Amino acid sequence: MRQQLIVCGTDTDVGKTVVSALLTLGLGAHYWKPVQCGLEGGGDRDRVGRLLGLSAEQIQQRLLPEAYRFSAPVSPHWAAELEGVRLEQERLDLPAVPGPLVVETAGGLLVPLRRDLMQIDQIQRWGLPVVLVARSGLGTLNHTLLSVEALRHRHIPLLGLILNGPPHADNPGTLRELSGAPVLGGLPPLPQLEAAALAEAWQTSGLHAALCGALGAP
Ligand SMILES: Nc1ncnc2c1ncn2[C@@H]1O[C@H](COP(=O)(O)OP(=O)(O)OP(=O)(O)O)[C@@H](O)[C@H]1O
Ligand SMILES: [Mg+2]
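Described below are features of the structure shown in this document. Sequence order as written defines the numbering, with residues in each chain counted from 1. Going through the entries in the order they are written, you letter the chains from A and number the ligands from 1. Where totals are concerned, whole chains, interfaces and linings use all residues; where local detail is concerned, this predicted model gives features only for residues with pLDDT of at least 70, and gives and counts side-chain atom pairs only at 80 or more. Hydrogens are left out, water is left out, and the side-chain values use all remaining heavy atoms of the structure.

Take the overall build of the chain next. Secondary structure summary: the chain contains nine helices and eleven strands in total. On C-alpha atoms alone, the chain measures out to a radius of gyration of 16 Å, which is about the 17 Å that the 2.2 N^0.38 rule sets for 218 residues. In terms of principal-axis extent, the alpha carbons of the chain reach across some 45 × 40 × 35 Å. The buried label applies to any residue whose accessible area, calculated with a 1.4 Å probe on protein chains only, is under 20% of its type's maximum; exposed applies above 50%, and partly exposed to all values in between. Within the chain, the proportion of its 218 residues that are buried is 54%. Between two residues, a contact is recorded if the distance between any of their heavy atoms is within 4.5 Å. Of the contacts formed within the chain by residues at least 6 apart in sequence, a portion of 73% connects residues at least 24 apart. Working convention for charge: Lys and Arg count positive, Asp and Glu count negative, and His plus the chain ends are omitted. By convention, the charge on Lys lies at NZ, on Arg at CZ, on Asp at CG and on Glu at CD. With 17 positive and 20 negative side-chain charges, the chain shows a separation of 3 Å between the mean positions of the two kinds. Numbering of helices and strands starts at the N terminus; helices are DSSP runs of H or I of at least 4 residues and strands are runs of E of at least 2. Each radius of gyration is computed over the set of C-alpha atoms, and the globule rule expresses the reference value as 2.2 Å times the number of residues to the power 0.38.

Below, the structure written as structure tokens:
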């Protein structure tokens, strides 16, 4: 089974990095954030390193360096323009890693990487299936259904949804029903964002079985 996947979100700040850390830990994967906008605090690669409590050596080995790092915490197309850089798709080609790989996108599907290139175009080029991270609560139905529609429109395989935040009584079932996509699991708010809490969340989330099922493992 090829456990390589794209972690995309329905929006910025929905928990892509935290969920990517969870999947990186659970799958024993490499992590890659190809386009980082906003370097205050070091960016998502450093945050995953801290969330997983990795040593400097482990960070070098498992968290691949970004293809592009832009200072401004704005959309990639503008962050690149502000630095006079043209983002080239060849530099975004997937790194050749032997095993599992988690790729975190910059923002949501229709975020422009350039004025003539959307995040979703790049996802199509990568050819890996998508895990869509969505808020668990109010606002998620519209954002999530729009994102699923965009993926389906381009025939991009969707492994399923991961709902981040306080468990909600109705949304998982409604999302499943209206999107036709499986809800792979949920991640509740963690009071301590650290490796031990993520490891426990991985055990209790049922994500391993759900992901293996979605990826077509025996
Ligand atoms: N399950 C959770 N428990 C506790 N805090 C969380 C959880 N999920 C996300 N957060 C916090 O919410 C904020 C946003 O999460 P995160 O950085 O993972 O979002 P993102 O989608 O990766 O954002 P960006 O678009 O900037 O990459 C962070 O401060 C993160 O620590
Ligand atoms: Mg992030």
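Now that the structure has been shown, the text picks up again.
Below, the discussion takes up the coordination of the magnesium ion (ligand 2). The protein atoms that coordinate the magnesium ion (ligand 2) are Thr17 (OG1), Asp44 (OD) and Glu104 (OE), at distances of 2.0 to 2.2 Å. Sites may look incomplete, because water is not among the atoms used; the donor set itself consists of N, O and S atoms within 2.8 Å of the metal (3.2 Å for Na, K and Ca). Sequence positions of the residues that donate to the magnesium ion (ligand 2) give the spacing T-x26-D-x59-E. Taken together, the positions of Thr17 in helix α1 (residues 16-27) and Glu104 in strand β6 (residues 101-104) put the pair 87 residues apart, joining distant regions of the chain. Comparing Thr17 with Glu104 shows no difference in burial state: the two are buried.

One speaks of a salt bridge when a side-chain nitrogen belonging to Lys or Arg is within 4 Å of a carboxyl oxygen belonging to Asp or Glu. For the coordinates displayed, the defined rule picks out ten salt bridges. Note that Asp121 and Arg154 form a salt bridge whose closest N and O atoms lie 2.7 Å from each other. One end of the pair, Asp121, is in helix α5 (residues 119-126); the other, Arg154, is in the loop between α6 (140-153) and β10 (158-164), and 33 residues separate them in sequence. On the basis of relative accessible area, Asp121 is assigned to the partly exposed category, the value being 24%. Classification of Arg154 as partly exposed rests on a relative accessible area of 26%. Taken together, the shared-partner salt bridges in this structure form one network comprising Lys33, Asp44, Arg47 and Glu104.

Since the α-helix turns once every 3.6 residues, residues separated by three or four places project in the same direction. Residues of helix α9 (residues 207-215) that are buried: Leu207, Leu211, Cys212 and Leu215. What you see down the axis of α9 is that its buried residues fit within an arc of 125°, all on one side. Residues of α9 that are exposed and angled more than 90 degrees away from the buried face: Ala209 and Gly213. Against β1 (4-9), α1, β9 (130-135), β10, β11 (183-187) and α8 (195-205) lie the buried residues of α9. Two residues or fewer after α9 comes Gly216, characterised by a positive phi angle close to 85°. The arc in question is the one traced by the directions running from the helix axis out to the C-beta atoms.

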